[in-house]
Amino acid sequence: MSEGAAKKEDRRKFQAIKGTRDLLPPETALWNRVEQTAHAVFATFGFGEIRVPIFEPTELFARAVGGDTDIVSKEMYTFEDRDETTVSLRPEATASVCRAYIEHGMQALPQPVKLYYIGPMFRRERPQKGRYRQFYQIGAEVLGGSDAPAIDAEVIEMVMTFFDRLELQGAQLDLNSIGCRECRPKYVELLRAELLKVKDKLGPDSQRRIETNPLRVLDSKLDSEQGTIATLPRIADHLCEDCAKHYAEVKHQLQLRGVMYRENWRLVRGLDYYMRTTFEITAEGLGSQNAVCGGGRYDGLVELLSGPPTKGIGFAIGEDRLILSLQESGKAPAPQGRDVYIAWMGERAHATAVRAAKDLRKAGFSVELPPVEQKFGKAIGQADKLGARFALILGDNEVASGEWTLKTLADGSQQRVTEPQLLDFLRKL
Ligand code: AMP
């Protein structure tokens, strides 16, 4: 590199990589509120938090999610580690949770094991509103020996309770059963045969899917195909007896819990291991990427990862989209300014200010203590800019008398208070 080129290189400005973004205050306060609510609500349902690594052997995702899915074949960030193992940034966390369940012998714990996670996932998708390459999911999994429909209903009830607590607007739960290894292949064959009869009425993508994955044709959003798709056979009419019974009982259990749902026979999952209960939740204000949560039953996944026979059900919420929807509907909390700005002048006042800041913070108030002395006028201006509610004015007079001046910035009024009176006053607000 020439010296000039090297210099130019040195001055290069860095930007976050396409599809990734910085989350900044005050927005991060909303992220924290959402996550705190998840911790609180999920704990009331007996779920414990699991934190799994951000990268795993590529093979784990290939086996769990499926080697021919878009996620694994096109969208993973994969690299060779120095010891020549191939690792990938996680595109989802269900595989990792199942791996952890096996690795830690969790089948020996009281069943079912109820876990939830919060964290970033990575998929190299085309970025757009509500779709990022690093995005965040809040998810939960129930693993164990039972596939009782009440488990499915309770997991769904938990997500809906969480959304309710956040006052998410227009949350709409869509529900379906996609059968099991017994009945689904038969339905898929029937669907394929019916699709072949109407092939000419379908676009090239759907035509291709007749061969590769006929269920995905049901996902089509193309206007021109909707009339044709409406005439196709529905899986609910082709479930085996056990699956039909399970589905009916899930719906009954949801009714018992007062959870409203809409049956959507076109809701499917592309992955083989998904079975029976499948659900998706959409919300307002998100445009085309309006799914905030996807979930379903995946009995057999733990076995696929060389673990013991285990039933499983879970969901993943797209946290970025959840936050977007809350912001769009004005549910974002107002930015939190400081409670108290301490305007101090003089060395003695500084010592008092440091002590006052410590006491106020200990009592839980947000305090701004300027690091260097400022003229009072400038200090009040600064307090205003930071959105402080009060300015505590500490000068020689105040320190000598022990009576401090508290200025309410909204109306400019002032009062004299001792330190205990100040704490008392702020606590009563
Ligand atoms: P999935 O793991 O594909 O079932 O997705 C579960 C949820 O994660 C979706 O309903 C979305 O809310 C969210 N999600 C999936 N992919 C992305 C992405 N690239 N960017 C933002 N959110 C996503």
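Residues numbered from 1 in each chain as written. Predicted model: local features only at pLDDT ≥ 70, side-chain atom pairs only at ≥ 80, totals over all residues. Heavy atoms only, no water.

**Structural notes on the pairing of strand 9 (residues 275-282)**
Regular strands show a simple pattern: their side chains alternate between the two faces of the sheet.
Now for step 1: Taking burial as the measure, the eight residues of strand 9 include seven buried ones, the bulk of the element.
Now for step 2: Pairing of strand 9 with strand 10 (residues 291-297) involves six bridges; the strand directions are antiparallel. Following the sheet pairing, E280 is matched in strand 10 by G294. (Buried < 20%, exposed > 50% of the residue type's maximum accessible area, 1.4 Å probe, protein only. Helix = DSSP H or I, 4+ residues; strand = E, 2+ residues; numbered from the N terminus. Pairing = 2+ DSSP bridges.)

**Observations concerning the side chain of T282**
Now for step 1: With respect to the helices and strands, T282 occurs in strand 9.
Now for step 2: We classify T282 as buried; its relative accessible area is 16%.
Now for step 3: For T282, the residues in contact, after removing those within four places along its chain, are G170, A171, Q172, N290, A291 and V292. (Contact = heavy atoms within 4.5 Å.)

**Re the sheet that holds strand 4 (residues 86-89)**
Now for step 1: Read from one edge of the open sheet, three strands run 2-4-3, paired in antiparallel fashion. At either end of the open sheet lies a strand with only one pairing partner, and these are strand 2 (55-57) and strand 3 (78-80). Within the sheet, the average angular offset between the axes of one strand and its neighbour, ignoring direction, is 35°.
Now for step 2: Where strand 3 meets strand 4, three bridges bridge the pair, whose relative direction is antiparallel. Along strand 4, the bridge assignment pairs E80 with T86.
Now for step 3: Of the strands in this sheet, strand 2, strand 3 and strand 4 are in contact with helix 3 (residues 58-65), which crosses strand 2 at around 80°. (Axes fitted to C-alpha atoms, helices over the stretch in contact; angles between N-to-C directions.)

**Considering the packing of helix 2 (residues 27-44) against helix 12 (residues 319-328)**
Now for step 1: With their axes 11 Å apart at the nearest point, helix 2 and helix 12 run at an angle of 115° to one another. When the axis of helix 2 is compared with that of helix 12, the two are roughly perpendicular. As for how helix 2 packs across helix 12, the hand of that crossing is right-handed. Residues E27, L30, W31, V34 and E35 of helix 2 touch helix 12, and the partners they reach there are E319, D320, L322, I323, L326 and Q327.
Now for step 2: Class assignment of the residues belonging to the contact of helix 2 with helix 12 gives a composition of six nonpolar, one polar and four charged. (Parallel < 35°, antiparallel > 145°, perpendicular 65-115°, else oblique. Left-handed = near helix turned anticlockwise from the far one by under 90°. Nonpolar A, V, L, I, M, F, W, Y, C, P; charged D, E, K, R; others polar.)

**What to know about the packing of aromatic side chains**
Now for step 1: One pass over the full model with this rule turns up eight aromatic pairs.
Now for step 2: Note on F42 and Y116: the rings are 5.2 Å apart at their centroids and 80° apart in plane angle, and the pair reads as edge-to-face. Here Y116 lies in strand 5 (residues 113-122) and F42 lies in helix 2, a separation of 74 residues in the sequence.
Now for step 3: F42 sits in the buried class, given a relative accessible area of 0%.
Now for step 4: Aromatic pair Y274 and Y298: ring centres 6.5 Å apart, planes at 85°, arrangement edge-to-face. You can see Y274 sitting in the loop between strand 8 (262-263) and strand 9 and its partner Y298 sitting in the loop between strand 10 and helix 11 (301-304), a full 24 residues away along the chain. For the pair Y274 and Y298, one class covers both residues: buried.
Now for step 5: Clustering of aromatic rings is evident, with ring pairs tying together F42, Y116, F162, F163 and F315.
Now for step 6: Over the ring of Y132 we find R21; its NZ or CZ atom is 4.0 Å from the centre of that ring.
Now for step 7: Across from the ring centre of Y247, 4.1 Å away, lies the NZ or CZ of K251, which sits over that ring. (Phe/Tyr/Trp six-rings, centres within 6.5 Å; stacked < 30°, edge-to-face > 60°. Lys NZ or Arg CZ within 6 Å of the ring centre and 35° of its normal.)

**Structural notes on the nonpolar core**
Among soluble globular proteins, nonpolar side chains are generally buried collectively.
Now for step 1: Formed by 93 residues in total, the largest nonpolar core has its most connected members in F42, F162, F163 and F315.
Now for step 2: By residue number, the principal contributor to this core is helix 6 (residues 149-165), which donates nine residues.
Now for step 3: Judged by nonpolar contacts, the second largest core, of 20 residues, contains A353, L392, L406 and L426. (Core = buried A, V, L, I, M, F, W, Y, C linked by side-chain atoms within 4.5 Å.)

**Some thoughts on the sheet that holds strand 8**
Now for step 1: A sheet is described by the order of its strands in space; here eight strands give the open sequence 1-5-6-11-10-9-7-8, paired in mixed fashion. The open sheet has two edge strands with one neighbour each: strand 1 (48-49) and strand 8.
Now for step 2: As paired strands, strand 7 (residues 172-177) and strand 8 are joined by two bridges and run parallel to one another. The residue bridging D174 from the neighbouring strand is R262, located in strand 8.

**Notes on the side chain of E125**
Now for step 1: In this fold, E125 is placed in the loop between strand 5 and strand 6 (134-144).
Now for step 2: Residue E125 is classed as buried on the basis of its relative accessible area, which comes to 18%.
Now for step 3: Leave out the neighbours within four places in its chain, and E125 touches E75, R131 and R133.

Worth remembering: the numbers are spatial, not functional.
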